[in-house]
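Given next are the chains, with one letter for each unit.
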Amino acid sequence: LGSFNMQGGFHRKWALSGASIAWLAVRDAPGATAERQARIGAWLGAVARAVQPTYDRPLPRGGPGPADMRLNNHVAWAALAVGAAGVGAGDPALVRWAVAKNELFLSLVTPEGAHPQELARGRMALHYHLFALQAAAAAARAGAAAGQPLSPAGQAALDRMARFTFAQTQDSARIAELAGARQAHLSA
């Protein structure tokens, strides 16, 4: 819960994503007493609240840069981390924040299904579309499980991004054109 540099903040968010999802899988296991559930839920909530400030800073007046972490895959990962922690902590405010951040990320998806912030990655655009999609999709599931699903527009954007991204894994010509660079090879 202490102060971290930017990279440490990224790792905290990713670790919270995994820890929260793991907790949701075992929280009702034998031996998970109400006291333990409350203590673990409170800790997840505290870590989630430590993640939030980075993504609550206002965007620059001139608009975001081409890879602003408040709009790219990092905000989708923050949505997953805070949303899953919110479900685990039983904190609807954390889940609402996560759904709103996921909606923000998805609001940038083009009608074709590309995400401009991830296209800015050039030859790594497809990798980053895949990386962002896993967080955005999982965050959407966490919100829905807590009774706070994406809006119809957010769900439609997620669906477009999924279709576009998966199509690009078969033939990356279009994403290469949009990103202005041949895509790095995907390992099978």
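I will try to describe carefully the structure that is included in this document. A quick note: this is a predicted structure, and the numbers were derived from the prediction, not measured. (Residues numbered from 1 in each chain as written. Predicted model: local features only at pLDDT ≥ 70, side-chain atom pairs only at ≥ 80, totals over all residues. Heavy atoms only, no water.)

A look at the pattern of salt bridges
Overall, the coordinates contain six salt bridges when judged by the stated rule. Close ionic contact of R49 with D91 constitutes a salt bridge, the shortest N to O distance being 3.3 Å. A residue pair is termed long-range when its members are at least 10 positions apart, and R49 in helix α2 (residues 34–56) and D91 in the loop between α3 (73–89) and α4 (92–107) qualify at 42 residues. Looking at D91, the relative accessible area reads 22%, which means it is partly exposed. Residues R174 and E177 are paired through a salt bridge, measuring 3.0 Å at the closest nitrogen-oxygen approach. One end of the pair, R174, and the other, E177, are both in helix α8 (residues 173–179), three residues apart, so they sit about a helical turn from each other. (Salt bridge = Lys/Arg side-chain N within 4 Å of Asp/Glu carboxyl O. Helix = DSSP H or I, 4+ residues; strand = E, 2+ residues; numbered from the N terminus. Buried < 20%, exposed > 50% of the residue type's maximum accessible area, 1.4 Å probe, protein only.)

Some thoughts on the side chain of T165
Structurally, T165 is set in helix α7 (residues 152–170). A polar contact of 2.7 Å, which involves the side chain of T165, links it to the backbone oxygen of M161. Dropping the residues within four chain positions of it, T165 is found in contact with L126, H129, L130 and L133. (Polar contact = N/O pair within 3.5 Å; in protein donor to acceptor, adjacent residues only side chain to side chain. Contact = heavy atoms within 4.5 Å.)

Focus: the packing of α2 against α4
Running from N to C, α2 and α4 point in directions that differ by 35 degrees, and their axes come no closer than 11 Å. As α2 packs across α4, the resulting crossing turns out to be left-handed. Along its contact with α2, which presents G45, A48, R49, Q52, Y55 and D56, the element α4 presents L94, W97 and K101. Considered class by class, the residues forming the contact of α2 with α4 number four nonpolar, two polar and three charged. (Axes fitted to C-alpha atoms, helices over the stretch in contact; angles between N-to-C directions. Left-handed = near helix turned anticlockwise from the far one by under 90°. Nonpolar A, V, L, I, M, F, W, Y, C, P; charged D, E, K, R; others polar.)

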